[in-house]
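Reading the structure
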Amino acid sequence: MKIGIIGLGYVGLPLSIVFANAGIEVLGFDVDSNKVDRLNKGESYIKHIASSSILELIDNESFKATSDFHEISNVEAAIICVPTPLNGHREPDLSYVLDTARRIGQNLSKETLVVLESTTYPGTTEGELREMLETTSGLKAGKDFYLAYSPEREDPGNPDSKVKKIPKVIGGYTDKCLAKVTELYSKAIETLVPVPDCKTAEATKLTENIFRSVNIALVNELKIVYEKMGIDVWEVIEAAKTKPFGYMPFYPGPGLGGHCIPIDPFYLTWKAREYGMHTRFIELAGEVNTSMPDYVVQKVSEALNDEGKPLRGSKILILGIAYKSNVDDDRESPSYVLMEDLESKGSDVSYSDPYVPEIKPSREYTKYAGRRSVEVTDHYDLILVLTAHDEFKNIDFSKYKCPIVDTRNCIKVKPIKYVKA
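This section reports on the structure supplied with the text.

Regarding the nonpolar core
Counting 39 residues, the largest nonpolar core has Ile3, Phe19, Ile79, Leu184 and Tyr185 as its most contacted members. Top contributing element to this core by residue count: helix 1 (residues 12-21), with six residues. Excluding residues within four positions of it along the chain, phenylalanine 19 makes contact with Ile3, Ile5, Ile24, Val26, Ile79, Leu184, Tyr185 and Ala188.

Rendered as structure tokens:
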């Protein structure tokens, strides 16, 4: 069997590897020719994926990368793993999905299975995606080709998270489509979770991420409330999580980051308006989470004031650009929001991140592209910890004279001037 996986990022590349290791020939598609060239040389551009795992697949000819979408006509299944961001008005941007669907449709053969893995609102697969595929191919979903949705469940940086072992939700456009997508994923994934249709599968993914967003907002709010009472929210969480039922821990932070939690809930918010519904809980959680950088700036300002220094003109070192510990993924990272906010107030901001040695161009923060990570030293007016990388946890800060504001409660050896935020 030969399949195509479109989009070779944090979702598509691990999925390609797990299918190729299962004995399926994988053709990886990406519009970024640099990624294609590196992969075909056996090089990984994602830190937690070893180059050796790719080189082995290249050598045994079970994986190849390409930018030539004409080769879609040679695969039995095409899996779409492209971004689904929000536009400038905080509305769903399906342009990457639909552009990919157009390219697939122009090269689609009969009996091919098309699966969408990108997170989106209920109805996308059976609506916009299906329509684009049918229009460009002249074929009919459920009759001439198969159509399905299966949300990704990647957890980058978690060594216990293996694509093969994570239960896979699958929904088909028709019963035959469900049977076809079951046949495909059963070759590489141990546990499949079939649901009645594509909409249910799409809603499942949104529910998972909304659950996280709402609970993170709750502990962020509790952090501020408990601080006023002289209570450490981190101590509260450690005690609460000893309860073996009815509770699971979530942790506060400087704001939401990554490609899922800050974005996905608003896909449902937007779609709900079509039905005259208002997702008040989701929107309130969004307000709380997006306000957290303001709270952090306030704590930074207070720490500098204690030193007799203003924000304007102070040299600040940010520890961590990646949105999550021990990964190189900086998409939607709150570190950029804080960097921008502090610089707008006149601070001189540098950053250190062993996983992001140089900031790459992005949709929102192109002005920071090319800025490089610096060494962690005491030559700053303040150090702001935003990502709980293991490398930062193990630094001995005991002799540092500048204050450290820690938003992740991760510093083990603390200086005298230590502030939790």
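So, next bit.
A closer look at helix 9 (residues 264-273)
Of all the 10 residues making up helix 9, seven are buried; the element is thus mostly covered by neighbouring parts of the structure. Taken together, the buried positions of helix 9 are occupied by Asp264, Pro265, Phe266, Tyr267, Thr269, Lys271 and Ala272. Next to the buried residues of helix 9 lie helix 7 (198-228) and helix 10 (280-306).

Observations regarding the sheet that holds strand 9 (residues 315-319)
Strand order in the open sheet made by the five strands is 10-9-11-12-13, with parallel pairing throughout. Strands at the two margins of the open sheet, each flanked by one partner only, are strand 10 (348-352) and strand 13 (418-420). Neighbour to neighbour, the strand axes of the sheet diverge by 20 degrees on average, direction disregarded. Sitting on the sheet, helix 11 (residues 334-344) touches strand 9, strand 10 and strand 11 (382-385), and the angle it makes with strand 10 is about 155 degrees.

Side note on the packing of aromatic side chains
As enumerated under the stated definition, the model contains 10 aromatic pairs in all. Relative to phenylalanine 250, the ring of phenylalanine 211 lies with its centre 5.5 Å away and its plane at 70 degrees, an arrangement referred to as edge-to-face. Taken together, the residues span a long stretch of sequence, with phenylalanine 211 in helix 7 and phenylalanine 250 in the loop between helix 8 (233-240) and helix 9 at a distance of 39 residues. Classification of phenylalanine 211 as partly exposed rests on a relative accessible area of 41%. Here phenylalanine 250 falls in the buried class, since its relative accessible area comes to 7%.

Looking at the pairing of strand 2 (residues 25-29)
A large share of strand 2 lies buried, amounting to four of its five residues. Two elements, strand 1 (residues 2-6) and strand 2, share five bridges in a ladder whose sense is parallel. Bridged to isoleucine 3 within strand 2 is valine 26. Handedness of the β-α-β unit built from strand 1, helix 1 and strand 2 comes out right-handed. Strand direction decides the pairing type here: strand 2 and strand 3 (residues 63-66), joined by four bridges, are parallel. From the neighbouring strand, leucine 27 faces strand 3, where its bridge partner is lysine 64.

Notes on a nonpolar patch on the surface
Side chains of Val225, Met229, Ile231 and Val236 sit close together on the surface and give an oily, nonpolar patch of about 320 Å² of accessible area. Mapping valine 236 onto the fold places it in helix 8. The exposure class assigned to valine 236 is partly exposed, which follows from its relative accessible area of 30%.

Thoughts on unusual backbone geometry
With a phi angle near 65 degrees, asparagine 326 is a residue other than glycine that sits in the positive phi range. With respect to the secondary-structure elements, asparagine 326 resides in the loop between strand 9 and helix 11. Even without being glycine, asparagine 409 reaches a positive phi, approximately 55 degrees. Under the relative-accessibility criterion, asparagine 409 is labelled partly exposed at 28%.

Observations regarding the pattern of salt bridges
Considering all chains together, one arrives at 26 salt bridges under this definition. For the salt bridge of glutamate 25 with lysine 2, the shortest nitrogen-to-oxygen distance reads 3.9 Å. Pair noted here: glutamate 25 is in strand 2 and lysine 2 is in strand 1, with a separation of 23 residues, a long-range link. With its nearest N and O atoms 2.2 Å apart, the salt bridge here joins glutamate 227 to lysine 299. Taken together, the residues glutamate 227 in helix 7 and lysine 299 in helix 10 connect sequence positions 72 residues apart. The exposure class assigned to glutamate 227 is partly exposed, which follows from its relative accessible area of 33%.

Conventions adopted
Residues numbered from 1 in each chain as written. Predicted model: local features only at pLDDT ≥ 70, side-chain atom pairs only at ≥ 80, totals over all residues. Heavy atoms only, no water. Core = buried A, V, L, I, M, F, W, Y, C linked by side-chain atoms within 4.5 Å. Buried < 20%, exposed > 50% of the residue type's maximum accessible area, 1.4 Å probe, protein only. Helix = DSSP H or I, 4+ residues; strand = E, 2+ residues; numbered from the N terminus. Contact = heavy atoms within 4.5 Å. Pairing = 2+ DSSP bridges. Axes fitted to C-alpha atoms, helices over the stretch in contact; angles between N-to-C directions. Phe/Tyr/Trp six-rings, centres within 6.5 Å; stacked < 30°, edge-to-face > 60°. Right-handed = clockwise from strand over helix to strand, strands pointing away. Patch = residues over 30% accessible without salt bridge, like charges linked within 9 Å, V, L, I, M, F, W, Y side chains within 5 Å. Areas by Shrake-Rupley, 256 points an atom, 1.4 Å probe, with all protein chains shown as cover. Salt bridge = Lys/Arg side-chain N within 4 Å of Asp/Glu carboxyl O.

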